[in-house]
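Listed below, chain by chain, are the residues.
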Amino acid sequence: MAPRTLRRITMAVLAPAMALGATVGLASAPASAAVWSSCDQWGSTTLNGYTLYNDIWGSGAGSQCIWANSGTNWGVNANHPGTGGIKAYPNAKKVVNKSITSLSSLTSSYNVTIPSSGAYNTSYDIWDTNHKYEIMLWVNKTGAVGPLGTSQGNLTLGGHTWTVYKGNNGSNEVFSFVRTSNSTSGTVNVLPILKWIKDTKGWFGNVTIGDVQFGFEITSSSGGLNFTTNSETVSSS
């Protein structure tokens, strides 16, 4: 996957913006009033240190509205057709901007409510500041979705057991850690995962981690499905 910021620019140029704009408004915001909501393709806001993005970037996307009570309690109603390809990655981003060796800790907790149908994954998307490396941590997945690259085997690290994949999307290296069983709540110790990539595998050096995103990478959600982040925190020191 290309960097989210770059993808937003690219897809804004390539996607049929007028047609997409006509459908985006069809999704509905939550019945109860939220602090912020948006049905805009690139809708975003910052709340208590987290930046929220609607981020409807994929080709053939349908409609999607994002809402938030805070930067750590938010969700989307998404109605994307049952076709292949990722349609959107609504997410909350926390800026870190520290090199791996200067970090003494990097952890995150999550609690989500997700639909039983559709095709999607709930994932962290972690970037270095140069957008050369993308580290994805899939905590659950549903439907016909899968990570980029080839399997490197299983690994128990950071409080979870993952199947690790290594690939390249043409723009950057992608390292995906897919949890071997689905989880809707938990805590991830992210720093040991980064150190494993750096020190054990040597797949990158002492890169600076720019930001940690957490959200829902949605391929299809026909009929309109709700994805909710009940709580999520990212902490670093």
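Everything below is about the structure shown above.
Caption draft 1: Molecular detail of the overall build of the chain. The number of helices and strands found in the chain is three helices and 15 strands. Within the chain, counting contacts between residues at least 6 apart in sequence, those at least 24 apart form 69% of the total. Total accessible area on the chain stands at roughly 9,300 Å², and carbon and sulfur atoms take up 50% of it.

Caption draft 2: Representation of the nonpolar core. One finds Leu106, Tyr124, Ile135, Leu137, Phe177 and Ile197 to be the most contacted residues of the largest nonpolar core, which totals 46 residues. A per-element tally of this core places helix H3 (residues 190-201) first, with six residues. One finds Ala119, Met136, Trp138 and Val178 within the second-largest nonpolar core, a separate group that totals five residues.

Caption draft 3: Representation of the environment of threonine 46 within the structure. Within the element layout of this structure, threonine 46 appears in strand E2 (residues 44-47). Sequence-wise, threonine 46 and tryptophan 36 are ten residues apart; in three dimensions their C-alpha atoms are separated by 9.7 Å. For threonine 46, the side chain forms a polar contact with the side chain of threonine 51, separated by 3.2 Å.

Caption draft 4: How the structure looks around the pairing of strand E10 (residues 150-157). With seven bridges joining them, E10 and strand E11 (residues 160-168) adopt antiparallel strand pairing. Within E11, the residue paired with asparagine 154 across the bridge is threonine 163. Counting the residues in the hairpin turn of E10 and E11 gives two residues, including glycine 158, whose phi is positive at 70°.

Caption draft 5: Expanded view of H3. Taking 1.5 Å of rise per residue, twelve residues should cover 16 Å, and H3 covers 16 Å from first to last C-alpha, within 8% of that figure. What H3 keeps buried is the set Val190, Leu191, Ile193, Leu194, Trp196, Ile197 and Lys198. Glycine 202 sits one or two positions beyond H3 and adopts a positive phi of about 70°.

Caption draft 6: Here's a closer look at the pattern of salt bridges. Enumeration according to the criterion identifies one salt bridge in this entry. Between lysine 198 and aspartate 199 there is a salt bridge, with its nearest N and O atoms 2.7 Å apart.

Caption draft 7: Just the sheet that holds E11, in detail. Here we have nine strands laid out as an open sheet, ordered E2-E3-E6-E14-E8-E9-E12-E11-E10, and mixed in their pairing. The open sheet has two edge strands, E2 and E10, and neither has a second partner. Each strand axis lies, on average, 25° off the axis of its neighbour in the sheet, ignoring direction. In terms of strand pairing, E2 meets strand E3 (residues 50-53) through four bridges, oriented antiparallel. Paired with threonine 46 across the bridge in E3 is threonine 51.

Caption draft 8: Highlighting the sheet that holds strand E4 (residues 63-70). Taken together, six strands build an open sheet; the order of strands is E1-E4-E5-E15-E7-E13 and the sheet is antiparallel. Because the sheet does not close on itself, it has two edges, and the strands there are strand E1 (36-38) and strand E13 (185-189). Taking the axes of each pair of neighbouring strands and ignoring which way they run, one obtains an average angle of 20° across the sheet. Bridge analysis of strand E7 (residues 106-113) against E13 gives five bridges, and the strand direction is antiparallel. Bridge pairing links asparagine 111 to serine 185 in E13.

Caption draft 9: Highlighting the side chain of histidine 160. Within the secondary structure layout, histidine 160 lies in strand E11. Within the structure, the side chain of histidine 160 is placed 2.8 Å from the side chain of arginine 179, a separation counted as a polar contact. Among the polar contacts made by the side chain of histidine 160, one reaches the main-chain carbonyl oxygen of threonine 187 at a distance of 2.8 Å.

Caption draft 10: Spatial organisation of the state of the cysteines. Summed over the entire model, instances satisfying the criterion amount to one disulfide. The disulfide that involves cysteine 39 links it to cysteine 65, with 1.8 Å between the sulfurs. The S-S bond linking cysteine 39 to cysteine 65 shows a torsion near 105°; that makes this disulfide right-handed. Residue cysteine 39 is found in the loop between E1 and E2, and its partner cysteine 65 is found in strand E4; the two are separated by 26 residues along the sequence. Accessibility expressed as a relative area gives 24% for cysteine 39, which makes it partly exposed.

Calculation notes
- Residue numbers restart at each chain and count upward from 1, following the sequence in its written direction.
- Since the coordinates come from a predicted model, pLDDT governs what is reported: local features require at least 70, and pairs of side-chain atoms require 80 or more to be given and counted, while whole-chain, interface and lining totals use all residues.
- Only heavy atoms go into the side-chain values, all of them from the structure, while hydrogens and water stay out.
- Strands here mean DSSP runs of E at least two residues long; helices mean DSSP runs of H or I at least four residues long; both are numbered from the N terminus.
- Residue contacts are defined here by distance: any two heavy atoms, one from each residue, within 4.5 Å place the two residues in contact.
- To be clear on the numbers: accessible area is Shrake-Rupley with a 1.4 Å probe, and residue cover counts the displayed protein chains and nothing else.
- Think of a nonpolar core as a cluster: buried Ala, Val, Leu, Ile, Met, Phe, Trp, Tyr and Cys residues, connected wherever their side-chain atoms sit within 4.5 Å.
- Between buried and exposed lies partly exposed: a residue is buried under 20% and exposed over 50% of the maximum accessible area for its type, with that area taken using a 1.4 Å probe on protein chains only.
- Between N or O atoms, a polar contact is any pair within 3.5 Å; within protein, one atom must be a potential hydrogen donor and the other a potential acceptor, and residues adjacent in sequence are included only when both atoms are from side chains.
- By definition, two strands form a pair when at least two bridges between them are found by DSSP.
- By definition here, a helix of n residues has an expected span of 1.5 Å times n minus one.
- The term salt bridge refers to a side-chain nitrogen of Lys or Arg lying within 4 Å of a carboxyl oxygen of Asp or Glu.
- Axis definition: a line fitted to C-alpha atoms, limited for helices to the stretch in contact. Angles are taken between N-to-C directions and run from 0 to 180 degrees.
- Any two cysteine sulfur atoms within 2.5 Å of one another count as a disulfide.

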